[in-house]
Amino acid sequence: NDPESKSPNSVYDTDKVLSNVSLGIAPVRKDATLDAKIKSSQITRYMSKFRASGLSGSSNREKIWNFFENLDELVYVSDVDTYELVYMNRKTRENFGFQTQEEIKGKKCYEVMQHNAAPCSMCNNQELVEGEFKEWKYYNPVLGKHLLLKDTMLEQDGRRYRVEIALDVSNEEKQGSLIQNYENMEAIINEGIRISLNAPTSEQSLEIILEYLGKAL
């Protein structure tokens with residue numbers, strides 16, 4: 001008798017069947033959210049240190065800019081009411097193709113940073129309050145990067161300034177997407193395995209698993 005010709009109630013060596021199927025799924029780290037939270041905390045520390053320094057009330061603008069200049073995050077300052085760019089730190093200038101502060105004079109934030117002809121629809125200038133942070137995420141199509149943003153407002157010499165610090169979280173966003181895809185694939189494959197256990201032969205079990213693998217991949 002053919003050892004594989006068993007009744008529908010026979011129990012197959014599922015591990016043996018599955019050992020013939022290579023899923024080829026690389027392990028994915030599941031701490032992308034934690035990474036983003038750590039980066040968000042870094043932004044908060046920068047801004048808290050800035051306020052504690054007393055520079056936020058200083059009339060010496062150069063001292064304020066020097067505080068941000070060599071941070072490894074994107075920092076820019078614009079006039080809340082006119083949208084005119086007032087300052088970009090070194091990292092931001094490099095990313096947007098400027099060498100000096102002089103080059104950004106007279107330019108609008110929405111023109112440079114979004115390539116828009118008018119203020120951005122998602123602009124939150126009117127929501128900003130001095131001493132408070134607005135945190136959000138945004139994909140910047142000009143840079144091609146996912147950014148974690150923290151915005152606040154400073155008032156100086158009768159003018160209101162938007163201060164934004166942005167961290168590149170593209171890797172975390174990509175990783176989060178990979179995690180979601182992995183979990184979806186895992187659910188589909190598990191469903192295939194569950195159904196395959198009721199198949200009358202090992203060949204049919206394998207066919208079912210391969211079918212669900214095709215759906216997952």
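Shown above is the structure to which this text applies.
In short, a report on the structure. (Residues numbered from 1 in each chain as written. Predicted model: local features only at pLDDT ≥ 70, side-chain atom pairs only at ≥ 80, totals over all residues. Heavy atoms only, no water.)

1. Observations regarding the layout of surface pockets
To locate leftover empty space, one rolls a probe as large as a water molecule over the atoms.
Here comes step 1: Within this model, the largest pocket holds a volume of roughly 260 Å³.
Here comes step 2: Around the largest pocket, the lining is made up of 14 residues, and of these W65, V86, Y87, Q101 and K105 lie nearest the centre.
Here comes step 3: Of all the elements in the fold, those that place two or more residues in the lining of the largest pocket are α3 (61–69) and β2 (85–88).
Here comes step 4: The dominant element in the lining of the largest pocket, judged by the number of residues it contributes, is α3, at 5 residues.
Here comes step 5: Grouping the constituent residues of the lining of the largest pocket by class yields 5 nonpolar, 2 polar and 7 charged. (1 Å grid on protein atoms, 1.4 Å probe; cavity = no way out; pocket = protein on both sides within 12 Å on 5 of 7 lines; lining within 4 Å. Points joined across faces, edges and corners; volume = space filled by probe spheres on them. Helix = DSSP H or I, 4+ residues; strand = E, 2+ residues; numbered from the N terminus. Nonpolar A, V, L, I, M, F, W, Y, C, P; charged D, E, K, R; others polar.)

2. What about the pattern of salt bridges?
Here comes step 1: Within the structure shown, the criterion is met by 10 salt bridges.
Here comes step 2: Between D79 and R159 there is a salt bridge; the shortest N-O distance is 2.6 Å. Placement of the pair is D79 in strand β1 (residues 74–79) and R159 in strand β5 (residues 159–168), with a sequence separation of 80 residues.
Here comes step 3: The class for R159 is partly exposed, based on a relative accessible area of 32%.
Here comes step 4: With a shortest N-O distance of 2.5 Å, D81 and R160 are connected by a salt bridge. Here R160 lies in strand β5 and D81 lies in the loop between β1 and β2, a separation of 79 residues in the sequence.
Here comes step 5: Residues participating in the shared-partner salt-bridge network are D151, R162 and E164. (Salt bridge = Lys/Arg side-chain N within 4 Å of Asp/Glu carboxyl O. Buried < 20%, exposed > 50% of the residue type's maximum accessible area, 1.4 Å probe, protein only.)

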